[in-house]
Amino acid sequence: MAPSRELPPDRLAIGQLLVRLLREFRDDLAAPRAGAGYGDVREAHFQIFGNIRMGGIRLTELAERAQLSLAAASELVNDLVDLGYLTRRPDPADGRAKLIDLTKRGQSLMADAGDRVADIEGHWSKIVGENKFGQMTATMQRLLDELDPKDSRS
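The structure contained in this document is the topic of the report that follows. Per-chain numbering applies: the sequence of each chain, read as written, is numbered from 1 onward. For a predicted model such as this one, the threshold for reporting local features is a pLDDT of at least 70, and the threshold for listing and counting side-chain atom pairs is 80 or more; totals across whole chains, interfaces and linings nevertheless cover every residue. Hydrogen atoms and water are omitted, and side-chain values are computed over all heavy atoms in the structure.

**What to know about the pairing of strand 1 (residues 86-91)**
Note: two strands are recorded as paired if DSSP finds a minimum of 2 bridges between them. We count a stretch as a helix when DSSP gives it H or I for four or more residues in a row; a strand needs E for two or more, and each element gets its number in order from the N terminus. In this sheet, strand 2 (residues 94-102) lies alongside strand 1 in antiparallel orientation, the contact comprising 6 bridges. Pairing of R89 across the sheet is with L99, part of strand 2.

**Some words on the nonpolar core**
Put simply, a nonpolar core is a bunch of buried Ala, Val, Leu, Ile, Met, Phe, Trp, Tyr and Cys residues held in one set by side-chain atoms that sit within 4.5 Å of each other. Relative accessibility decides the category of a residue: with a 1.4 Å probe and only protein chains considered, values under 20% of the type maximum give buried, values over 50% give exposed, and everything between is partly exposed. Formed by 19 residues in total, the largest nonpolar core has its most connected members in I48 and L86. At the level of secondary structure, the elements contributing two or more residues to this core comprise helix 2 (46-49), helix 3 (59-66), helix 4 (70-82) and strand 2. Residues in contact with I48, not counting those within four places in the same chain, are L62, L68, A73, L76, V77, L80 and L86. Contact criterion: two residues are considered in contact whenever any of their non-hydrogen atoms come within 4.5 Å of each other.

**A look at unusual backbone geometry**
The bulk of non-glycine residues show a negative phi, and the bulk of peptide bonds are trans. One non-glycine residue, Q67, adopts positive backbone phi at about 55°. Within the secondary structure layout, Q67 lies in the loop between helix 3 and helix 4.

**Details of the environment of A71**
Looking at where A71 falls in the secondary structure, it is placed in helix 4. Classification of A71 as exposed rests on a relative accessible area of 59%. On a C-alpha basis, the gap between A71 and T60 in space is 9.9 Å, while along the polypeptide they are 11 residues apart.

**Regarding helix 1 (residues 14-30)**
Between its first and last C-alpha atoms helix 1 spans 24 Å; for 17 residues at 1.5 Å apiece the expected length is 24 Å, and the two agree. Close packing links the buried residues of helix 1 with helix 2 and helix 5 (104-128). Multiplying 1.5 Å by the helix residue count minus one yields the expected span of that helix.

**Some words on the pattern of salt bridges**
Should a side-chain nitrogen of Lys or Arg be within 4 Å of a carboxyl oxygen of Asp or Glu, the pair is scored as a salt bridge. Tallying each qualifying case throughout the model produces 9 salt bridges. Measuring nitrogen to oxygen at the nearest pair gives 4.0 Å for the salt bridge that ties R65 to E61. Here R65 and its partner E61 are both found in helix 3, 4 residues apart, which amounts to about one turn of the helix. A relative accessible area of 34% means that R65 is categorised as partly exposed. Where D94 meets R96, a salt bridge forms, and the shortest distance between an N and an O atom there is 3.1 Å.

**Overview of the packing of aromatic side chains**
Two aromatic rings, drawn from Phe, Tyr or Trp (for Trp, its six-membered ring), form a pair once their centres lie within 6.5 Å of each other, and the interplanar angle then sorts them: stacked below 30 degrees, edge-to-face above 60, tilted otherwise. As enumerated under the stated definition, the model contains 3 aromatic pairs in all. Aromatic side chains F25 and W124 sit 6.4 Å apart centroid to centroid with 75° between the ring planes, which places their arrangement in the edge-to-face category. You can see F25 sitting in helix 1 and its partner W124 sitting in helix 5, a full 99 residues away along the chain. In this structure F25 comes out as partly exposed when scored by relative accessible area, which is 22%. A relative accessible area of 19% places W124 in the buried class. Where Y38 meets Y85, the ring centres are 6.3 Å apart and the plane angle is 50°; that geometry is what we call tilted. You can see Y38 sitting in the loop between helix 1 and helix 2 and its partner Y85 sitting in the loop between helix 4 and strand 1, a full 47 residues away along the chain. Side by side, Y38 and Y85 carry an identical accessibility label, which is buried.

This is the structure we're talking about:
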């Protein structure tokens, strides 16, 4: 493994690139939320929305996917239930367990967020060029598929 001093001098280290791009992405994603009727959503809630699964998900799995403690995930889910974005319902596979799922309002937010993500991708694609953006995202997806095969897209 190359020491950090051998990294290319014309770019940041991969961790810095990923963190800073994620910050840019989240800022762009959040910018129009108040005007779109979602002013009550805080940035911390993004961890939940980014890891919710259609059809419902148990809190333990949601916390793991979001890389949050069970207590932190529970607090954020409680907030989003109170705000009308999420609901809890019995898990048909285990009556003792609850599934967390999107309400109609939550589904609307996710659809609007999907449109916003498409806008962001289009903007970023124009910045670096459609070909390079496509190659970058395909490479990132391949890397994720190899590093975490259980969530692979292939």
